[in-house]
Amino acid sequence: MQEATFLILTALADGSQHGYGIISDVGEISGGRVRLRAGTLYTALDRLRIDGLIEVDREEAVDGRLRRYYRITPDGSRRLATEASRLHANATAALTRLNPAGGAVT
Amino acid sequence: MSEQADQARLERGYRRLLACYPASFRRDSEEEILAVLLDSAQAGQRRVGLAESADLIRGAVRMRLRPPGRPPRALRSAARLMCLAAAVELGCLITIAVTFSSVRLDILRHDPAHWPAVAAQIIIDAAAAPLGMALWLFLARAVCRGQDWARLVSGALFCLLSAKLIAALADHAGAYARADLVAGGVLWVLALAVLALIFSRPATRYIQPQPQLSR
């Protein structure tokens, strides 16, 4: 799973969000390291909808413009949980090997 | 230039770039992505930035290069399982051919009266295996193309495999043709997994798309 996909699913994990909300949330989750642009976001959202990992929650008109809210599906939650466990296990293994004595990694 | 004129100019710039996207995506999402682009723009921004342009063009190229109507993961997995089932059918045919003599000798030695029934079953299985292979491959292609009838045929095939497995168990085929019975069981499990995938929500959404929400 690509990092952008992982972060988008993470942004939607605790509730539905619209496109701009996802961009802001991804920036926050990644500590400002990942700044999603609209083209990247909508390519990923389109793919995730096709794969059934997210779905449209509702639509609103704000200042005459369409605002569509997305939510994660149960399949999406499962995929995110699996990927998070995999990343966690890899990170734990790396940190353990870098620091076998239990001291601080420098 | 007024703020409104700046925004109108910026919007025209975004719309020119969004014109590169496939028509189906623009119908569904142009206004939405435009709203996000304008929300993300800096105050007083009049032109589309270079990085933004590159990102939108990259997104448009990716969407255009994506195979049209690429089926969801569930259907792709189902198609792979169906190809595996075709391979199992081939395995069945090979197993029947290889074990035929030993099965025949075994039955004739211990229960010759039962041989005609078992022989008929083996001949039916041997004839059905190539048909089964062709059917599995045909169905795999059909489900990937989103054909709804392929799901019904797959359901019927599962019922047929279930009936065949029950009949084989009732005929004590396990005593004479254990490998064939195991292959039948594997096919039944594969067919069950295929059914779960092709009737899953993502697959149903792809095969029977819902109308877009009203705006």
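No experiment lies behind these values; they were computed from the predicted model shown.

Reading guide: rules and limits
Residues numbered from 1 in each chain as written. Chains lettered and ligands numbered in written order. Predicted model: local features only at pLDDT ≥ 70, side-chain atom pairs only at ≥ 80, totals over all residues. Helix = DSSP H or I, 4+ residues; strand = E, 2+ residues; numbered from the N terminus. Buried ≥ 20, exposed ≤ 12 C-beta atoms within 10 Å, placed from the backbone. Contact = placed C-beta atoms within 7 Å. Nonpolar A, V, L, I, M, F, W, Y, C, P; charged D, E, K, R; others polar. Core = buried A, V, L, I, M, F, W, Y, C linked by C-beta atoms within 7 Å. Expected span 1.5 Å × (residues − 1). Bend = angle between axes of the 7 residues up to and from the residue. Axes fitted to C-alpha atoms, helices over the stretch in contact; angles between N-to-C directions. Left-handed = near helix turned anticlockwise from the far one by under 90°. Pairing = 2+ DSSP bridges. pLDDT = per-residue confidence, 0-100.

(A) Quick look at the overall build of chain B. From N to C terminus, chain B includes 9 helices and 0 strands. When the helices and strands of chain B are placed in sequence order, the string is α-α-α-α-α-α-α-α-α. Within chain B, the proportion of its 215 residues that are buried is 26%. When contacts within chain B are restricted to residue pairs at least 6 apart in sequence, those whose partners lie at least 24 apart make up 80%.

(B) Local environment of the interface of chain B and chain A. Between chain B and chain A, the contact holds 26 residues from the first and 20 residues from the second. Looking at the side of chain B that touches chain A, the elements that each hand over two or more residues are helix H2 (23-40), helix H3 (50-65), helix H4 (73-110) and helix H9 (201-207) of chain B. Considering each element in turn, the side of chain B that touches chain A owes the most residues, 10 residues, to H2 of chain B. Its residues assigned to classes, the side of chain B that touches chain A shows 11 nonpolar, 3 polar and 12 charged.

(C) Molecular detail of the nonpolar core. Residues and elements named next belong to chain A. Formed by 29 residues in total, the largest nonpolar core has its most connected members in Ile8, Leu12, Val26, Ala38, Leu41, Leu45 and Ile54. For this core, the element with the most residues is helix H3 (residues 38-50), which contributes 6 residues. Every residue in contact with leucine 45, bar those within four places of it in the chain, is listed here: Ile54 and Tyr70.

(D) Layout of helix H5 (residues 115-144) of chain B. Residues and elements named next belong to chain B. A rise of 1.5 Å per residue sets the reference length of H5, with its 30 residues, at 44 Å; its end C-alpha atoms lie 42 Å apart and thus fit the reference within 8%. Alanine 128 marks the point of greatest bend in H5, at about 30°, and the proline proline 130 comes within the next four residues. Of the positions making up H5, those classed as buried are Val118, Asp125, Ala129, Gly132, Trp136, Leu139, Ala140 and Val143. Looking one or two places after H5, you find glycine 146, whose phi comes out positive at around 75°.

(E) Structural context of the packing of H3 of chain A against H2 of chain B. H2 of chain B packs onto H3 of chain A with a crossing angle of 145° between their chain directions and a minimal axis gap of 10 Å. In terms of crossing hand, the pair formed by H3 of chain A and H2 of chain B is right-handed. Of the residues in H2 of chain B, those touching H3 of chain A at Ala38, Tyr42 and Asp46 of chain A are Phe25, Ser29, Ile33, Val36, Leu37 and Ser40 of chain B. Taken together, the residues that form the contact of H3 of chain A with H2 of chain B break down as 6 nonpolar, 2 polar and 1 charged.

(F) Spotlight on the environment of arginine 47 of chain B. Residue and element names in this part refer to chain B. Along the chain, the position of arginine 47 falls in the loop between H2 and H3. The exposure class of arginine 47 is exposed, given the 12 C-beta atoms found within 10 Å. If near-sequence neighbours (up to four positions away) are discounted, arginine 47 is found in contact with Leu10 and Gly13.

(G) Molecular detail of the sheet that holds strand S2 (residues 54-62) of chain A. Residue and element names in this part refer to chain A. Across the sheet, which stays open at both edges, the 3 strands sit in the order S1-S3-S2 with antiparallel pairing between neighbours. Edge strands, defined here as strands with exactly one partner in the open sheet, are strand S1 (17-18) and S2. As defined by bridge partners, S2 adjoins strand S3 (residues 65-72) across 8 bridges and the pair is classed as antiparallel. Along S3, the bridge assignment pairs alanine 61 with leucine 66.

(H) Molecular detail of the confidence of the model for chain A. Here chain A averages 89 in pLDDT, and 94% of its residues register 70 or above. The least confident element of chain A, judged by mean pLDDT, is S2 of chain A at 88; the most confident is helix H1 (residues 3-12) of chain A at 94.

(I) The arrangement of H3 of chain A in detail. Over its 13 residues, H3 of chain A extends 18 Å from the first C-alpha to the last, a length consistent with the 18 Å expected when each residue adds 1.5 Å. In the core, the buried residues of H3 of chain A are packed alongside H1, helix H2 (19-29), S2 and S3 of chain A together with H2 and H3 of chain B. Taken from the residues just after H3 of chain A, glycine 52 of chain A is the one with a positive phi, measuring 75°.

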